[in-house]
Amino acid sequence: MAVKKEEVYDATQIQVLKGLDAVRKRPAMYIGDISIRGLHHLVYEAVDNSIDEALGGYCTEIEVIMHKDDSVSVYDNGRGIPVDIHKEMNKSALEVVMTVLHAGGKFDKKAYKVSGGLHGVGISVVNALSEWLKVEVARDGKVYRQEYNIGAPVSPVRVVGSRKSTGTKVTFLPDKTIFKKNKFSFEILSERLRELAFLNKDLKISITDEKTDRNEKFRYKGGLVSFIEYLDQNRETINKKPIYFAAEKDHISVEIALAYNDSYTENLYSYVNNIHTIEGGTHLIGFKTALTRSLNNFAMKAKLLKNGDPTLTGEDVREGLTAIVSIKHPEPQFEGQTKTKLGNSEVRGLVESIVNEALTEQLEQNSTIARKIIDKCRSSALSREAARKAKELTRRKTMLESEGLPGKLADCSARGPEKTEIFIVEGDSAGGSAKQGRNRRFQAILPLRGKILNVEKARVDKMLSNEEIRIIVASLGTGIGRDDFQLDRLRYEKIIIMTDADVDGAHIRTLLLTFFFRHMRELVEKGHLYIAQPPLYRVKAGKDYAYIYDDEELEEFMKKNKKSDTDKLDIQRYKGLGEMNPDQLWKTTMDPEQRTLLQVTIEEAFEADFIFSMLMGDNVEPRRKFIEENAKYVRNLDV
Ligand code: 0RA
């Protein structure tokens, strides 16, 4: 018997090692990428396990702690991962969960599971990608512990103490040989944790950074209603109390909150099993269809639309709308480029009927607010007509001017989009350097002066009357707006935003990202948008210059050069692009052979859009405070 057990152990052990090895060979397949995003994904993965425990009703509190040695702990007061011996594997269930790919689900029929490659890869993936990991489980009055190195146990599961309460605590240090950066960001983590707290009503989530003693505690009794209030905190709302409804059918739960405000933008966020479905999907389509239908029906019935008024279109009823659609589904099918689009066809009709019924009921019960909302939609419909006319005018104008491109554009000589680039540059002086430094065969330069229009508060018609926006649109050649934008007319392969590394630069970049996200989204989705990475410092070391792109790199450089060179390092901090001469700008930022470009993903553009709506609210004070508090973060947007 003993021999047989050994054999079983060996065979499964080999499988385990193979599995972990696969993760280490291709980490991106499991966590998306190995950039700072992938690094943070490790924490989300651990937190997701705790959230699942909370969704089952077993856990009320989750704690994330960033330690001084750059490791992170995720603690929850759930039931604790089971520790009894797993028969097939002949070892503790805890060890199996921690070391076998996708083992988690086998022990626990979860209310829902998250599949599709975004989250839900299992805590064993975190283990495999960690230099070390420790897990502590409090269960049955005891505390159990096991430790691992790059995913492999270094000890059996041991009892290390006793405790009445139950829970799980996982602490890990991401493997530096796998991740490009190994420092977690308090801002990035707390933003996601806050979102999770909104999405999971009443769940307590806290985060502490032991390096800085920063701490945040999230707990929202209002759930999605609190989320809407948070998103609209700087906007003038039409219904102060967001409309909320929830229903469950066929094991699919649907939760929706919405409010209207006096802006002209649409802020529609959708989630499936707590995952932000940036590309939307069937739940969102169902919501949109029902929203349009219910509002039209209500307006007709209540005689709020006059004879001759146009029917309200989808765009009309979503102008100035902030809404969250959050569903929980036992078997979600994720599709799309970033696997953030829900594909399940049954969801569409389900959401549609829930919204039709619940929204109609609420409109009928609150006729004052319903009237205000319809009023707002009606005025959107009327100005839609005006917008259409303005757009046509611009289109005609652009056609007339199409031979003569905007005067400010220094175009490249190559034609056609292949291998060509346009740099959108902040300020005329940097524009001048860029024009001199560029390779004019394939690089075009468009200097922007001043701020582009606040697109938050402007409808498309007004936006097109803004000089800077028109110049951008005309230079790109694509047209603008949901109906007129045509990607195949794009005149350049890469659109590169090049701004100063200061708060103003970050602001302009955020504005531009938001503009592209809202009005030329396909361009972002198809990967045409980039952010240039100018250096932050030039350091003179001996005879040579080195260009340094962030503070971490500077620290490392100083450490390295202190040993060999006691001379004082001559450090020049670049504040603006204009401080570089054309040659330096070319070498450090524009030359395809030497530069690094950040490709903007739809997620980053979404983040920018979110921050932008904060920055552009009506009140000056929160905006000032936000910029002050987040100056660093805004710069870090592009990590
Ligand atoms: C499977 C079964 C049970 C708990 C868990 C998994 C569990 C996993 C994690 C991961 C992080 N925190 C967690 N908390 C619980 C419970 C089985 C039982 O007690 O009946």
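This text follows the structure it describes.
None of the values given here were measured: they were computed from a predicted structure.

## Focus: the site of the ligand
Lining the immediate surroundings of the ligand are eleven residues, of which E53, D76, R79, I81 and R139 lie closest. Note that a nitrogen atom of the ligand is positioned 2.7 Å from one of the side-chain N or O atoms of D76. Within the side chain of R139, one N or O atom sits 3.0 Å away from an oxygen atom of the ligand. Taking 450 Å² as the accessible area of the ligand by itself, protein coverage stands at 79%. Split by residue class, the shell around the ligand holds three nonpolar, three polar and five charged.

## Regarding the pairing of strand 9 (residues 167-174)
Each regular strand displays side chains that alternate between the two surfaces of the sheet. With seven of its eight residues buried, strand 9 lies for the most part within the structure. When strand 2 (residues 72-76) meets strand 9, the two strands line up antiparallel, connected through five bridges. Pairing of V74 across the sheet is with V170, part of strand 9. Taken together, the eight bridges between strand 5 (residues 130-139) and strand 9 define a ladder with antiparallel strand orientation. What sits directly across from A138, in strand 9, is G167.

## Regarding the environment of Y148
Mapped onto the fold, Y148 is located in strand 6 (residues 142-149). For the pair formed by Y148 and V135, sequence separation is 13 residues and the distance between their alpha carbons is 8.7 Å. Within polar-contact distance, the side chain of Y148 engages the side chain of Q146 at 2.6 Å.

## A look at the packing of helix 7 (residues 186-199) against helix 8 (residues 224-231)
Where helix 7 meets helix 8, the axes come as close as 7 Å, and the angle between the chain directions of the two elements is 135 degrees. Considering their axes alone, helix 7 and helix 8 lie oblique with respect to each other. Seen from helix 7, the contacting residues are R194, E195, F198 and L199; seen from helix 8, they are L224, S226, F227 and Y230. Looking at the contact of helix 7 with helix 8 residue by residue, the classes come out as five nonpolar, one polar and two charged.

## A few points about the sheet that holds strand 17 (residues 321-328)
A sheet is described by the order of its strands in space; here five strands give the open sequence 12-13-17-14-15, paired in mixed fashion. Two strands bound the open sheet, and with one partner strand each, they are strand 12 (243-249) and strand 15 (275-276). The sheet contact formed by strand 13 (residues 252-260) and strand 17 spans eight bridges and is antiparallel. The residue bridging E255 from the neighbouring strand is S326, located in strand 17.

## Focus: the sheet that holds strand 16 (residues 280-281)
Read across the open sheet, the three strands follow the order 16-19-18; overall the sheet is mixed. Edge positions in the open sheet fall to strand 16 and strand 18 (334-335), since each of these has one partner strand only. Relative to strand 19 (residues 341-342), strand 16 runs parallel, the two being bridged by two bridges. Its bridge partner being in strand 19, G281 is matched across the sheet by L342.

## A word on the packing of helix 13 (residues 428-437) against helix 19 (residues 582-590)
Between helix 13 and helix 19, whose axes approach to 8 Å, the crossing angle comes to 80 degrees. In terms of their interaxial angle, helix 13 and helix 19 are classed as roughly perpendicular. In contact with A430, S433, A434, Q436 and G437 of helix 13, helix 19 contributes P582, L585, W586 and M590. In the contact of helix 13 with helix 19, the residues fall into six nonpolar, three polar and no charged.

How each quantity is defined
- Residues numbered from 1 in each chain as written.
- Predicted model: local features only at pLDDT ≥ 70, side-chain atom pairs only at ≥ 80, totals over all residues.
- Heavy atoms only, no water.
- Near = heavy atom within 4 Å.
- Polar contact = N/O pair within 3.5 Å; in protein donor to acceptor, adjacent residues only side chain to side chain.
- Areas by Shrake-Rupley, 256 points an atom, 1.4 Å probe, with all protein chains shown as cover.
- Nonpolar A, V, L, I, M, F, W, Y, C, P; charged D, E, K, R; others polar.
- Buried < 20%, exposed > 50% of the residue type's maximum accessible area, 1.4 Å probe, protein only.
- Helix = DSSP H or I, 4+ residues; strand = E, 2+ residues; numbered from the N terminus.
- Pairing = 2+ DSSP bridges.
- Axes fitted to C-alpha atoms, helices over the stretch in contact; angles between N-to-C directions.
- Parallel < 35°, antiparallel > 145°, perpendicular 65-115°, else oblique.
- Contact = heavy atoms within 4.5 Å.

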